[in-house]
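Examining the three-dimensional arrangement
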Amino acid sequence: MTDRISVRETGTGTPLVLLHAFPLSSRMWQPQLDELPGTDGSEARVLAVDLRGFGGTGLDPADEPSLDLLADDVALLLDRAGIERAVVGGLSMGGYVAMALARRHPGRLSGLLLADTKATADTEQARANRERIAEAVLARDSVALLLNEQVPSPLLGATTAAERPKLVDRLRRMVGEAPPEAVAWAQRAMAARPASLDVLAELAVPALVVVGEEDTITPVADAEAMAAVLPDVVLTVIPAAGHLSSLEAPDTFNWAVRGLLERVR
Ligand code: MLT
């Protein structure tokens, strides 16, 4: 396990751990860090984690790429923060890590938020594409390929990409900061992940599934498939938002998360 996991934290209420998308960092959760603790700060204790290699958390490239390591990092972080059980939420890659945590450490969850993610494993074609990206960013020591292929679309929805140039620029800066080694490691870790529908079907805590209506990476059908097996679930589809729904439509996203926090309390 990594010695130091970097976390941004605000508020004092119900613990809510947020896990970011690929290839971003805890910075993507700024609208949630700002708003979810509530006006007096007591509604939620929000902890936005930098997963290995991203933001302020280091990576040992010699570690075998696996999302299980990232899930174990989150369990360790909860130990160190003195939190027995938390609502754990992840967007896309962060959702894959949240599902790995639900598989490996189910007793640490008081609720589960799955945003713009999916519970199926990769196809052979998707794995080959991840390996292509991993090799290219390492060979060029640059994430320019990701910027060309993923920003603004498909990371952002069509409406945001067309209408919100400042958010597009912000995203470009965030993606540009991703270290090539972390990008390659994360691609290989995601390629190795198992399907998790079986884990979701056994989940004993309240769940929220959120998806941007214009998400083309993990479309509404993926959200519906997860919601179909989760025993206690609310599904929220956010209009005019894409894959990064928490950034594109923070007010609606935060409203949905507040609903989950209420159900957990
Ligand atoms: C993400 O947003 O985290 C990625 O698109 C997930 C993936 O590549 O499967």
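Residues numbered from 1 in each chain as written. Predicted model: local features only at pLDDT ≥ 70, side-chain atom pairs only at ≥ 80, totals over all residues. Heavy atoms only, no water.

Per an unreviewed UniProt entry, the recorded name for the chain is Alpha/beta fold hydrolase, and the organism is Streptacidiphilus cavernicola.

Here the focus is the UniProt feature "domain: AB hydrolase-1" (unreviewed entry) in the chain. In the numbering used here, UniProt assigns the "domain: AB hydrolase-1" (unreviewed entry) feature to residues 15-250. Along residues 15-250, the helical share is 45% and the strand share 15%, with 19 Å between the first and last C-alpha atoms. (UniProt positions renumbered as here; feature names shortened; annotations may be inferred. Helix = DSSP H or I, 4+ residues; strand = E, 2+ residues; numbered from the N terminus.)

The next point concerns the sheet that holds strand β2 (residues 14-19). Backbone hydrogen bonds are what pair the strands of a sheet, in a parallel or an antiparallel way. In spatial order, the strands read β1-β3-β2-β4-β5-β6-β7; together these seven strands make up an open sheet with mixed pairing. Every interior strand has two partners, whereas the edge strands, β1 (7-10) and β7 (233-238), have only one. Strand-to-strand twist across the sheet, computed as the mean angle between neighbouring axes with direction ignored, equals 15°. As defined by bridge partners, strand β6 (residues 207-212) adjoins β7 across six bridges and the pair is classed as parallel. Considered in β7, the bridge of Gly212 is made with Ile238. Its contacts with the sheet put helix α10 (residues 220-229) on β5 (109-115), β6 and β7, and the angle it makes with β6 is roughly 170°. (Pairing = 2+ DSSP bridges. Axes fitted to C-alpha atoms, helices over the stretch in contact; angles between N-to-C directions. Contact = heavy atoms within 4.5 Å.)

For the largest pocket, the calculated volume is near 480 Å³. What lines the largest pocket is a set of 23 residues, among which Lys118, Asn129, Arg130, Gln150 and Ile217 lie closest to the centre. Among the secondary structure elements, those contributing two or more residues to the lining of the largest pocket are α3 (93-104), α4 (124-140), α5 (144-150) and α8 (180-191). Here the lining of the largest pocket gets five residues from one element, more than from any other, and that element is α4. When its volume is computed, the second largest pocket comes out at roughly 160 Å³. Residue lining of the second largest pocket: 16 residues in total, with Leu67, Asp68, Ala100, Arg193 and Pro194 positioned closest to the centre. (1 Å grid on protein atoms, 1.4 Å probe; cavity = no way out; pocket = protein on both sides within 12 Å on 5 of 7 lines; lining within 4 Å. Points joined across faces, edges and corners; volume = space filled by probe spheres on them.)

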